[in-house]
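Inside the fold
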Amino acid sequence: MLSSLVIFLVFIPFCSTFLSHPSFIRPLTFSSSTSYSTSTNLYSDTLAEYAAFEPTQSSPYFISPETNSSSKQTLLYLPGLDGTGLSASDQFSDLSSSYSFHRFIIPNSDRSSFISLRRQVLNFLSSHPNSILVGESFGGLLASAVAISPDAKLGGLVLVNPATSIGRTSWDVSVPLLTSLLGDKKDVIYPATAAAILGLTVPSNYQISKITKSAFSQFLLSPKIPAVEDLQALRDGINTLLPSETVAFRVSELLVDGSEIMTARRLSRLSTLPTLVMTGGEDKLLPSKIEGIRLNEIIGENCTLKNFPKGSHFLLDGQVNLTAQIRLSFSKKYNPVKDFELPTEEAQRRYIEENIAPIRKKQSPKFYSTNGNNNVIGNLNYLPTPASGRPILFVGNHQFLGLDVKLVVSEILEKRNYLVRGLGHPVIFGGGNSTASNNFNNDFIEYGTVKVSPANYYNLMKTKQAMLLYPGGVSEVFHGRDEAYQLKWSEKNDFVRTAAKFNATIVTLASAGSFESYNVVKDAKELLDLPLVGERLANFSASVKGPRAGVNETFVAPLAFPKKSQARHYFLFGKPLETESLDYKDLEGCSKMYADVKEQLETDLKRLVDAREEDMYSGSGKVGKKRTKEESLGGTVGGLDVESL
């Protein structure tokens, strides 16, 4: 009993710190920039300030642009259960810059039926044909009910973690039961219960980890029981945003009625409407990931499913750029080369922390760059930048399985502050009759990779961007046991001619370490030699359309498993090669430059592979385990002597 009391006294102030932490509270101040931000200085200090977003009318209404934006396509946003759209407020500035942006507001005192809300939205759309309708959570359920009406005349539908899945949860029973059991203690116990439920279900694992660490640090610095006024602010904030009576009504009436109306048969009527379904893989409030798959199957080929594995229920809370996702899915004019926008700085930090940091921990990568005098340095300071007004072409050897691209792109983005656009195999984009489908979600694409093609390569050069090309392609990625670090280039020098046309700077990139990080059970050739299986793999490979016309590639991945402790990865950027004085019409000159690029890369590869033998921390297995253990204590160990390069 005493121990429980001690835990309670410690836990309550910590929870208060957690729930009032700036990163847990939604932003109420908006940036004038067209991009959105989730930096903590935009966040309110307490939940009580939710009142600043309180509706100004007692009945549902629409908020429309103050200035005339009739030349833009209309986009209408339908909110979640809170009725205000707080969870998507990060997106509003960006949406307003691209669309005639409108919002539907449902005051917490309103008791309109689901059918009545549907009718109001349809009335609005009747004077705004070809609109894009966006619905989040409950708004997704309402939006789907609106979209099936022929009177909606929509240009597109976007469903974000839609509550069409509410029937597969217990919220429709537990929430009304909870609010009824609280009786006359609703004003006190209800907000504490609601805060706990929201804290456990709304943030993603990443957000919880980040908030908890920061809140715990604050608590350690100031371990005190919160003042009465702090707890009152917490209570008043939740009671203002979502009173218990409102929650009970909206769950038992709006959500239940809506889910009963939107059967699979009715949802199938959306099959003729371009639809984007966005789901968070870590949504703990609704089974959104499974629901996205279900909706994709029901709606069919007009449905684009985007699942964000690390996304929470509040997916629009700085975790994705909704405007970019809509343009990518609906706009026929969208150009992935010219129209691409980087994720926000916060999203970049999160991506690196969640996806790149674990890779770095396992592989302990080392980066080296070379200047025009062939001097090598143990960082990227010698890399040229696109600021010179000329494109940059990084040309490298594709390592085993091709997964080190993330390390290269993220390192340059962090250390040199510019994006390198990858040129990826069509399979990444669901091309070539591959097994990829329109629900493929890939962070290569999220960070600027475009399909490798003559047109995309030409346009990247024309727009003076930095790009990463692997001429060896799949042949190098799926190489055999005895083919590590061998270039498998064709005889065509087209990429050099195009680079010369735009006076590009060519930088070779030698990479090593991936092959030693895997246990290869069967390589591609050995798999193809197997009875029955080999024939099927050969047929599959033949069905995959490669990026180069007339070039047959064997698209058969080896059977390989990553070692528990991986080898160190090394990256050596070579001496910049200039094409400014090379005439792209000079076929002989371009052939010589092609040979020079290949020779420099082969030479650097040999130097890199040989030099790593002097690094006592380069290996996998026990060596890799020792390296990661020592580096976990702080700093890095080992590396190459730049004099050996």
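Residues numbered from 1 in each chain as written. Predicted model: local features only at pLDDT ≥ 70, side-chain atom pairs only at ≥ 80, totals over all residues. Heavy atoms only, no water.

Looking at an unreviewed UniProt entry, the protein carries the name Serine aminopeptidase S33 domain-containing protein, with the source organism given as Triparma verrucosa.

Attention now moves to the pattern of salt bridges. Under the defined criterion, the tally for this structure stands at 17 salt bridges. Its salt-bridge partner being Glu 526, residue Arg 481 comes within 3.0 Å of it at the nearest N-O pair. Taken together, the positions of Arg 481 in the loop between helix H17 (473–477) and helix H18 (494–501) and Glu 526 in helix H19 (residues 524–528) put the pair 45 residues apart, joining distant regions of the chain. We note a salt bridge from Glu 631 to Arg 568, for which the minimum N-O separation is 2.9 Å. Here Glu 631, found in helix H22 (residues 621–632), pairs with Arg 568, found in the loop between strand S16 (559–562) and strand S17 (570–573); they are 63 residues apart in sequence, far enough to count as distant. Given a relative accessible area of 0%, Arg 568 falls into the buried group. (Salt bridge = Lys/Arg side-chain N within 4 Å of Asp/Glu carboxyl O. Helix = DSSP H or I, 4+ residues; strand = E, 2+ residues; numbered from the N terminus. Buried < 20%, exposed > 50% of the residue type's maximum accessible area, 1.4 Å probe, protein only.)

Further remarks concern the packing of aromatic side chains. Two aromatic rings, taken as a pair, are described by how far apart their centres are and by the angle between their planes. Taken as a whole and judged by the stated rule, the model has 16 aromatic pairs. Both rings, one in Phe 495 and one in Tyr 594, keep their centres 5.6 Å apart while their planes meet at 55°; by these two values the pair is tilted. On the criterion of sequence distance, the pair formed by Phe 495 in helix H18 and Tyr 594 in helix H21 (residues 587–611) is long-range, its members being 99 residues apart. Its relative accessible area of 9% is what places Phe 495 among the buried residues. For Tyr 594, a relative accessible area of 7% gives the class buried. An aromatic cluster of three or more residues is present, and its members are Phe 62, Phe 104 and Phe 124. (Phe/Tyr/Trp six-rings, centres within 6.5 Å; stacked < 30°, edge-to-face > 60°.)

For the structure on display, the rule yields 4 cavities of 30 Å³ or more. Taken as a whole, the largest cavity encloses approximately 110 Å³ of empty space. Tyr 351, Ile 352, Val 405, Lys 406, Val 409, Ser 410, Leu 413, Asp 443, Phe 444, Tyr 447 and Thr 449 are the residues that line the largest cavity. For the lining of the largest cavity, the elements supplying multiple residues, two or more each, are helix H13 (345–363), helix H14 (405–416) and helix H15 (443–446). (1 Å grid on protein atoms, 1.4 Å probe; cavity = no way out; pocket = protein on both sides within 12 Å on 5 of 7 lines; lining within 4 Å. Points joined across faces, edges and corners; volume = space filled by probe spheres on them.)

By the secondary structure assignment, Ser 112 is in the loop between strand S3 (100–105) and helix H3 (114–125). For Ser 112, the side chain forms a polar contact with the side chain of Asp 110, separated by 2.9 Å. (Polar contact = N/O pair within 3.5 Å; in protein donor to acceptor, adjacent residues only side chain to side chain.)

A few words on the environment of Tyr 334. Counting through the fold element by element, Tyr 334 comes out in the loop between helix H12 (322–330) and H13. Each C-alpha atom, one on Tyr 334 and one on Ala 324, is 9.7 Å from the other, the two residues being 10 residues apart in sequence. Residue contacts for Tyr 334: discarding those within four places in its chain leaves Arg 327, Leu 328, Asp 339 and Phe 340. (Contact = heavy atoms within 4.5 Å.)

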